[in-house]
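Structural features, examined
Here are the chains, one letter per residue:
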Amino acid sequence: PARRDVPGALAELKKAAELDPKNAEAQYLLGNTLLRMKGDAAGSVAPFQQAAALEPGNPQYAASLGTALVAAQQFGPAIDVLTKLTSQPEYKKPDGFVALGAAYVQAKRYKEAVPMLEKATTLAPDNADAWANLGWAYFGLKDAAKFKETAGKARTLGYKEPNLLDYLKKIEGGMTIK
């Protein structure tokens, strides 16, 4: 079986990024490894920023930067980056919309989250994260029926985050959203 040598890969990517700081792909791969393999959201922001600055037209770099900013709880900058990305008419990938919706939910801007997450669920109807974030948006708007519908869809798709599932069970059992 293939083994992941995350520390080794990280060392090589850091070296590549230092040797050629203008290599957008090296910066992107470094950011991606920090975010996805190490769980270092804050540490991934700078390499993603560098990649996005070097290739401003690259939607994958912008989406990854936005996702990292959300994970690092930098909601204002995340909303800026992701709004710019998702407002481009040719942008049709769900990840940017999911990240923007999540940023709005975590910033308690629920009304703004809903259309972004509805767009994400239209683009990717099987994306459990999109449905879960949409559920949280409706929870924030105190719409129990829509919360049950969207969080229920996330659960059906295999979403496992216990907090959402716990609230879903309680609200299905008749608890009101306060």
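Residues numbered from 1 in each chain as written. Predicted model: local features only at pLDDT ≥ 70, side-chain atom pairs only at ≥ 80, totals over all residues. Heavy atoms only, no water.

To continue, consider the side chain of Thr86. Residue position: Thr86 is located in helix H5 (residues 75-86). Its relative accessible area of 11% is what places Thr86 among the buried residues. Side-chain polar atoms of Thr86 contact the backbone oxygen of Leu82, separated by 2.8 Å. Not counting residues within four places of it along the chain, the set of residues in contact with Thr86 comprises Tyr91, Gly96, Phe97, Leu100 and Met116. (Helix = DSSP H or I, 4+ residues; strand = E, 2+ residues; numbered from the N terminus. Buried < 20%, exposed > 50% of the residue type's maximum accessible area, 1.4 Å probe, protein only. Polar contact = N/O pair within 3.5 Å; in protein donor to acceptor, adjacent residues only side chain to side chain. Contact = heavy atoms within 4.5 Å.)

Another aspect to go through is the packing of aromatic side chains. How two aromatic rings sit relative to each other is given by the distance of their centres and the angle of their planes. Per the stated rule, a full pass over the model turns up eight aromatic pairs. A centroid spacing of 5.8 Å and a plane angle of 50° characterise the contact between Tyr28 and Phe48, whose relative ring orientation is tilted. Taken together, the residues span a long stretch of sequence, with Tyr28 in helix H2 (residues 24-37) and Phe48 in helix H3 (residues 41-54) at a distance of 20 residues. Among the residues examined, Tyr28 registers a relative accessible area of 11% and is labelled buried. In this structure Phe48 comes out as buried when scored by relative accessible area, which is 0%. Both rings, one in Trp136 and one in Tyr167, keep their centres 5.9 Å apart while their planes meet at 75°; by these two values the pair is edge-to-face. Within this pair, whereas Trp136 is found in helix H8 (residues 128-140), its partner Tyr167 is found in helix H10 (residues 162-172), the two being separated by 31 residues in sequence. (Phe/Tyr/Trp six-rings, centres within 6.5 Å; stacked < 30°, edge-to-face > 60°.)

What is shown is where atoms sit, not what they do.
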